[in-house]
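Structural description and commentary
One-letter residues, chain by chain:
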Amino acid sequence: MPLTKIRLLLTLACAMAACVAAAGSSPTPDDRAMLGFTPASATAQLSLEQRFDAQLNLADQREWVKQMSSEPNQVGSPHDKANAEFMLKKFREWGWDAHIETFDVLYPTPQKVALELLGPHPFTATLHEPPIPGDASSGLPGALPPYNVYGGDGDVTAELVYANYGMPDDYKELARRGIDVRGKIVITRYGGGWRGLKPKLAQEHGAIGCLIYSDPHEDGYARGDSYPKGGWRPAEGVQRGSVADMQQYPGDPLTPGVGSTPGTKRLTIKDAKTLLKIPVLPISYADATALLQSLGGPVAPANWRGSLPLTYHVGPSSAKVHMTVLSDWSRKPIYDVIAKIKGATAPDQWIIRGNHHDGWVFGAWDPLAGNAALLAEAKAIGGLLKQGWRPQRTLVYASWDGEEPGLLGSTEWVETHAKELKAKAVLYVNSDTNGRGFLGAGGSHSLQHLVNQVADDVTDPETRVSVRERLRAHMMIEGGNEHASPEAKAIAKVAAAGGDLPIEALGSGSDYSSFLEHLGIASLDLGFGGEDDNAGIYHSRYDSFDHFIRFGDPTFEYGVALAKVAGHIVLRSADANLLPMRFGDFSSTLDRYVGELHKLVDSTRKATARQHRLLDMHAYTLDADPTRALAPPARESDVPTINLAPLDKAASELKQSAQAFQAAYARSAAAGFKLTAVQQRQINQQMGRMEQALTDTDGLPDRPWFKHFIYAPGMLTGYGVKTIPGVREAIEGRRWDEADRYAVITAKVLDGYRAQLDRLTALLNQAG
Ligand SMILES: [Zn+2]
């Protein structure tokens with residue numbers, strides 16, 4: 001989607017957002033026993049997993065990706081609907097109770113897009129991705145022109161200004177150079193922060209249009225050979241994507257918080273908070289070059305320069321730029337495919353598994369590689385049914401539509417069924433794009449041990465060690481070099497200790513968002529990557545079957561590995577005596593996040609003091625070249641004392657409660673989970689609702705849709721996570737009172753979580 005993850009960007013986001021979880025204590029015998037199972041039930045489970053694995057094959061996934069990516073499949077296209085119907089048929093063939101759930105959502109499609117440079121050296125942008133030799137689908141009709149969905153309509157003519165990544169700090173640099181973007185068109189490059197933030201900040205600074213181009217520095221020839229020689233972005237490749245303000249809420253812009261069902265009251269377009277007012281266009285660097293060459297003004301700061309063969313200036317341009325975006329703002333249908341298998345003994349406890357099926361054009365990588373793994377799991381589970389097996393809990397498999405424009409299919413489904421999901425859903429397992437390399441796993445930290453145990457039992461196709469040991473080696477190498485970020489170094493240390501590997505905290509970027517952040521359902525996001533060139537064709541016409549089988553997962557062995565990891569997690573969660581969750585892992589991760597907040601306050605205070613000292617001694621003025629206009633930066637506000645004590649106290653009390661729970665769980669496991677059916681049902685129901693206790697109905701400051709108080713996408717990072725967001729973002733935004741206030745509110749949420757955990761421990765102890 002908006003939200004699809006490129007491993008590369010994910011790694012960056014992760015590094016910036018402090019995603020290291022506390023993990024990695026040395027393994028103990030308890031750690032190795034299959035979590036949630038007795039020795040006998042664990043043996044049976046392993047044999048079930050072997051029978052599941054035996055039904056996975058490479059040819060199926062190859063065929064599904066090939067067929068589903070054979071025509072453009074964006075929202076509203078005939079092939080998008082055909083793909084949904086194809087999957088419906090398959091699910092039914094495999095023995096699932098399946099249906100298509102349709103929602104009508106606002107989905108503007110471009111009717112006219114145009115971009116030209118006026119003046120003495122006129123240039124008209126092609127806004128077109130031409131066919132590429134060897135890429136069979138690249139010349140097919142049926143695609144929309146490259147565009148950023150949910151930008152405004154407009155026909156504007158103005159001077160151009162270059163704003164680097166278009167992030168808040170970039171505007172501070174422009175201001176120091178006396179450059180104002182009011183009434184101008186801003187050109188920004190992809191990278192450095194979420195796409196949607198670029199036009200949003202441009203609009204807030206008074207710009208009347210925004211262009212976003214792909215500089216080869218980020219994902220083109222500076223990274224590797226470009227397509228078709230290598231996998232990286234060719235000169236004409238364009239990154240499409242959503243620019244809805246999804247940090248407010250994802251889903252249909254007209255129906256925040258409720259399902260977009262017939263008869264629902266809808267906002268007017270003018271009142272939808274997530275829609276931009278100014279026109280936005282994504283362009284290739286082939287088109288951007290002439291525009292960048294037209295810029296005058298100061299030479300761009302060193303870290304603003306990309307890899308094009310020109311001198312980067314900030315502008316404004318001497319000639320004007322004319323851009324047009326006019327869209328059809330009608331509603332379009334989206335098709336979620338929902339398939340169920342009712343649980344034998346606990347039908348009211350749901351294990352949900354999802355991946356989206358809509359692409360920007362052909363979408364072989366994103367999302368069809370991940371979607372093929374999901375289909376493979378569903379087929380193998382169908383095979384197990386035919387052998388007479390039934391899950392104890394209910395399985396729900398979902399192939400979402402409309403993820404790319406804004407997580408539409410998953411969000412509308414979650415909002416429509418919110419009440420039932422809060423009562424029944426215990427786990428959501430997501431995947432999206434998939435490639436070769438290392439297992440990427442993010443999610444609720446109560447699931448960290450489950451992920452580790454499953455990853456230890458799946459073999460890496462390339463090295464034949466477990467995918468967990470391969471990931472461990474990767475983490476140790478990545479964090480071992482001197483240029484590694486502090487977070488990567490911390491991860492390397494945890495990995496070297498030999499125990500569990502940390503999973504990442506989730507921000508946004510795929511369909512888990514509404515499950516985790518709106519309802520508080522424990523969630524995971526899984527996928528392989530790191531050895532592929534996905535970034536080069538991300539959201540372009542060249543995300544095709546031919547590209548995928550050269551630069552993605554040519555043999556589909558990583559598709560099978562993903563089906564094993566996700567499938568085993570689903571099967572274990574469906575059949576465990578007690579749900580495979582460890583709240584102690586959440587508690588130790590929380591300790592780390594609270595520690596990071598203390599460090600953040602300290603480092604902010606130090607940086608502020610340094611800036612004040614330099615300003616007081618006029619250092620910026622004395623340092624500046626007087627022939628070039630460069631004003632000192634604006635003076636930052638003083639950092640008062642921030643009271644994080646409520647959080648310290650809540651985290652330390654939670655640690656006690658988590659230890660008591662782990663002890664009770666271990667005792668029950670050692671006794672062979674001798675629980676009555678009623679006790680088992682009650683305890684599992686409570687466990688499945690633990691994550692909901694990390695939410696608060698009022699939600700986060702200024703964005704009540706986001707209700708999780710530990711994980712949220714950053715307001716200024718988009719996909720990148722902010723942990724303990726109420727406090728962290730207040731500190732980063734220098735809203736000191738708010739930081740104090742949300743330390744108290746977050747502590748209260750954590751106290752509620754602890755109380756629920758204590759009740760759960762009491763239930764376990766009573767059960768003996
Ligand atoms: Zn995707």
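Thresholds, definitions, all that
- Residues numbered from 1 in each chain as written.
- Predicted model: local features only at pLDDT ≥ 70, side-chain atom pairs only at ≥ 80, totals over all residues.
- Heavy atoms only, no water.
- Helix = DSSP H or I, 4+ residues; strand = E, 2+ residues; numbered from the N terminus.
- Rg over C-alpha atoms; globule rule 2.2 N^0.38 Å.
- Buried < 20%, exposed > 50% of the residue type's maximum accessible area, 1.4 Å probe, protein only.
- Contact = heavy atoms within 4.5 Å.
- Areas by Shrake-Rupley, 256 points an atom, 1.4 Å probe, with all protein chains shown as cover.
- Polar contact = N/O pair within 3.5 Å; in protein donor to acceptor, adjacent residues only side chain to side chain.
- Phe/Tyr/Trp six-rings, centres within 6.5 Å; stacked < 30°, edge-to-face > 60°.
- Axes fitted to C-alpha atoms, helices over the stretch in contact; angles between N-to-C directions.
- Parallel < 35°, antiparallel > 145°, perpendicular 65-115°, else oblique.
- Left-handed = near helix turned anticlockwise from the far one by under 90°.
- Nonpolar A, V, L, I, M, F, W, Y, C, P; charged D, E, K, R; others polar.
- Pairing = 2+ DSSP bridges.
- Right-handed = clockwise from strand over helix to strand, strands pointing away.
- Core = buried A, V, L, I, M, F, W, Y, C linked by side-chain atoms within 4.5 Å.

So, on to the overall build of the protein chain. Looking only at helices and strands, the protein chain features 25 helices and 19 strands. By the compact-globule yardstick of 27 Å for 768 residues, the protein chain fits well, its C-alpha radius of gyration being 26 Å. The principal-axis extents of the C-alpha atoms in the protein chain amount to approximately 80 × 60 × 55 Å. A total of 768 residues make up the protein chain; the buried ones form 62% of that total. Contacts spanning at least 24 positions in sequence make up 81% of the contacts within the protein chain whose residues lie at least 6 apart. Carbon and sulfur atoms make up 55% of the accessible area of the protein chain, which amounts to about 27,300 Å² in all.

Along helix α9 (residues 285-293), the residues that are buried comprise Y285, D287, A288, A290, L291 and L292. For α9, the N-terminal cap is S284; the gap from its side-chain oxygen to the backbone nitrogen of A286 is 3.4 Å.

Note on placement: K489 falls in helix α16 (residues 486-496). Classification of K489 by relative accessible area gives partly exposed; the value is 37%. Considered as a pair, K489 and H205 are 284 residues apart in the sequence and their alpha carbons are 37 Å apart. Residues within four places of K489 in sequence aside, it is in contact with G479, N481, E482 and A484.

Moving on, we get to the packing of aromatic side chains. This model, assessed by the stated rule, comprises 24 aromatic pairs. With 6.3 Å between their ring centres and 45° between their planes, W413 and F515 make a pair best called tilted. Separated by 102 residues along the polypeptide, W413 in helix α12 (residues 408-416) and F515 in helix α17 (residues 512-519) bring together distant segments of the chain. With a relative accessible area of 3%, W413 lands in the buried category. F515 gets classed as buried once you look at its relative accessible area, which sits at 0%. Geometrically, the ring pair formed by F661 and Y665 is tilted, given 5.7 Å between the ring centres and 50° between the ring planes.

So, on to the packing of helix α22 (residues 645-670) against helix α25 (residues 736-766). Remark: α22 packs on α25, axes separated minimally by 9 Å, with the N-to-C direction vectors making an angle of 15°. By the criterion of interaxial angle, the relationship of α22 to α25 is roughly parallel. Between α22 and α25 the crossing geometry is left-handed. Taken together, the residues that form the contact of α22 with α25 break down as 17 nonpolar, five polar and five charged.

Attention now goes to the sheet that holds strand β16 (residues 437-443). The strand order across the open sheet formed by seven strands is β1-β12-β14-β13-β15-β17-β16, and the pairing between neighbours is mixed. The two strands at the open ends of the sheet, each matched to only one other strand, are β1 (97-106) and β16. Within the sheet, the average angular offset between the axes of one strand and its neighbour, ignoring direction, is 20°. Relative to strand β17 (residues 523-530), β16 runs antiparallel, the two sharing seven bridges.

Right, let's get into the side chain of R176. Along the polypeptide, R176 turns up in helix α6 (residues 168-176). Relative accessible area serves as the criterion here: at 17%, R176 is assigned to the buried category. Dropping the residues within four chain positions of it, R176 is found in contact with Y620, A629, L630, A631, P632 and P633.

Across the five residues that make up strand β7 (residues 185-189), a large majority, five, are buried. Neither face of β7 is open: one carries I185, I187 and R189, the other V186 and T188, and all of them are buried. In this sheet, β7 lies alongside strand β6 (residues 160-162) in parallel orientation, the contact comprising three bridges. Bridge assignment links V161 to a residue of β7, and that residue is V186. As a crossover connection, the stretch from β6 through α6 into β7 is right-handed. As defined by bridge partners, β7 adjoins strand β8 (residues 209-213) across five bridges and the pair is classed as parallel.

On to the packing of helix α14 (residues 448-456) against helix α19 (residues 557-575). Orientation of α14 relative to α19, taken along the N-to-C sense of each, is 125°, at an axis distance of 9 Å. Looking at the two axes, α14 sits oblique to α19. Crossing angle aside, the handedness with which α14 passes α19 is right-handed. Across from L450, V451, Q453 and V454 in α14, the residues of α19 making contact are V565, H568, I569, R572 and S573.

Counting residues in hydrophobic clusters, the biggest one holds 166 residues, and the most contacted among them are F91, W96, L421 and I569. In terms of residue count, the dominant contributor to this core is helix α10 (residues 364-386) (14 residues). Beyond its immediate sequence surroundings of up to four residues, L421 is in contact with W350, I352, W413, V414, F515, L519 and I521. Listed in part, the 50 residues of the second largest apolar core include A125, V161, I187 and A300.

Another point: unusual backbone geometry. In this structure, the amide linkage connecting G315 to the following residue, P316, adopts the cis form with an omega of 5°. For the peptide bond that leads from D366 to P367, omega is 20°, which places it in the cis range. Along the chain, P367 turns up in helix α10. Its identity is not glycine, yet L127 carries a phi of approximately 50°, on the positive side. Positive phi, normally seen in glycine, also occurs at D702, with a value near 65°. Counting through the fold element by element, D702 comes out in the loop between α23 (677-688) and β18 (711-713). Relative accessible area serves as the criterion here: at 64%, D702 is assigned to the exposed category.

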